[in-house]
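Here is how the chains run, residue by residue.
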Amino acid sequence: MSERFQLQPAERMSPLWLSLARHLQERLNVLRQQNDTSLAPEKTENVRGRIAQIKEILALADDKPPVT
(Lines give C-alpha, C1' and ligand atoms only; values in the text may rest on other atoms or scores of the structure.)
Protein backbone atom coordinates (compact mmCIF):
# COMPACT_ATOMS: atom_id res chain seq x y z
CA MET A 1 0.00 0.00 0.00
CA SER A 2 1.37 3.43 -0.89
CA GLU A 3 1.82 6.22 1.61
CA ARG A 4 -0.89 8.82 1.95
CA PHE A 5 -0.08 12.02 0.07
CA GLN A 6 0.55 14.84 2.48
CA LEU A 7 1.79 18.39 2.15
CA GLN A 8 5.15 19.13 3.69
CA PRO A 9 5.39 21.94 6.28
CA ALA A 10 6.88 24.40 3.77
CA GLU A 11 4.17 23.56 1.23
CA ARG A 12 1.46 24.33 3.79
CA MET A 13 2.78 27.88 4.00
CA SER A 14 3.07 28.47 0.24
CA PRO A 15 0.98 31.32 -1.18
CA LEU A 16 -0.68 28.91 -3.60
CA TRP A 17 -1.83 26.50 -0.88
CA LEU A 18 -2.97 29.32 1.41
CA SER A 19 -5.02 30.85 -1.40
CA LEU A 20 -6.45 27.49 -2.43
CA ALA A 21 -7.30 26.55 1.16
CA ARG A 22 -9.03 29.90 1.69
CA HIS A 23 -11.09 29.37 -1.48
CA LEU A 24 -11.99 25.81 -0.48
CA GLN A 25 -13.01 26.93 3.00
CA GLU A 26 -15.31 29.57 1.52
CA ARG A 27 -16.78 26.96 -0.83
CA LEU A 28 -17.24 24.58 2.10
CA ASN A 29 -19.20 27.24 4.00
CA VAL A 30 -21.50 27.81 1.01
CA LEU A 31 -22.10 24.08 0.59
CA ARG A 32 -22.84 23.66 4.30
CA GLN A 33 -25.42 26.44 4.09
CA GLN A 34 -26.99 24.72 1.08
CA ASN A 35 -27.02 21.43 2.99
CA ASP A 36 -28.93 23.10 5.84
CA THR A 37 -31.80 24.03 3.51
CA SER A 38 -34.60 21.78 2.33
CA LEU A 39 -33.26 19.93 -0.72
CA ALA A 40 -34.35 16.96 -2.75
CA PRO A 41 -32.63 13.75 -1.61
CA GLU A 42 -30.49 13.58 -4.78
CA LYS A 43 -29.34 17.18 -4.34
CA THR A 44 -28.55 16.54 -0.66
CA GLU A 45 -26.40 13.54 -1.62
CA ASN A 46 -24.56 15.65 -4.18
CA VAL A 47 -23.90 18.48 -1.73
CA ARG A 48 -22.73 16.07 0.98
CA GLY A 49 -20.37 14.39 -1.46
CA ARG A 50 -18.89 17.72 -2.48
CA ILE A 51 -18.46 18.66 1.20
CA ALA A 52 -16.64 15.38 1.84
CA GLN A 53 -14.36 15.92 -1.16
CA ILE A 54 -13.39 19.44 -0.07
CA LYS A 55 -12.70 18.24 3.47
CA GLU A 56 -10.49 15.48 2.07
CA ILE A 57 -8.47 18.01 0.06
CA LEU A 58 -8.12 20.36 3.04
CA ALA A 59 -6.96 17.40 5.15
CA LEU A 60 -3.85 17.13 2.96
CA ALA A 61 -2.35 19.82 5.18
CA ASP A 62 -3.09 17.91 8.40
CA ASP A 63 -0.29 16.24 10.33
CA LYS A 64 -2.42 13.25 11.20
CA PRO A 65 -4.14 10.84 8.80
CA PRO A 66 -7.86 11.41 8.17
CA VAL A 67 -10.41 9.31 9.98
CA THR A 68 -12.14 6.95 7.55
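Look a little higher up for the structure.
Residues numbered from 1 in each chain as written. Predicted model: local features only at pLDDT ≥ 70, side-chain atom pairs only at ≥ 80, totals over all residues. Heavy atoms only, no water.

A. Representation of the side chain of Thr44. By the element assignment, Thr44 lies in helix α3 (residues 41-58). Discounting residues that sit within four places of it in the chain, Thr44 has contacts with Asn35 and Leu39. (Helix = DSSP H or I, 4+ residues; strand = E, 2+ residues; numbered from the N terminus. Contact = heavy atoms within 4.5 Å.)

B. Representation of α3 within the structure. Compared with an ideal rise of 1.5 Å per residue, which puts 18 residues at 26 Å, α3 spans 26 Å between its outermost C-alpha atoms and is within 8% of the ideal. Buried within α3 are the following residues: Thr44, Val47, Ile51, Ile54 and Leu58. Buried residues of α3, seen end-on, are gathered within an arc of 95° and therefore sit on one face of the element. Opposite the buried face of α3, by more than 90 degrees, sit the exposed residues Pro41, Glu42, Glu45 and Glu56. Contacts made by the buried residues of α3 are with α2 (15-35). (Expected span 1.5 Å × (residues − 1). Buried < 20%, exposed > 50% of the residue type's maximum accessible area, 1.4 Å probe, protein only. Arc of directions from axis to C-beta.)

C. Region of interest: the side chain of Arg12. By the secondary structure assignment, Arg12 is in helix α1 (residues 9-12). Within the local environment of Arg12, its side chain forms a polar contact with the backbone oxygen of Ala61, the two atoms lying 3.0 Å apart. Aside from chain neighbours lying at most four places away, what touches Arg12 is Gln6, Leu7, Trp17, Leu18, Ala61, Asp62 and Asp63. (Polar contact = N/O pair within 3.5 Å; in protein donor to acceptor, adjacent residues only side chain to side chain.)

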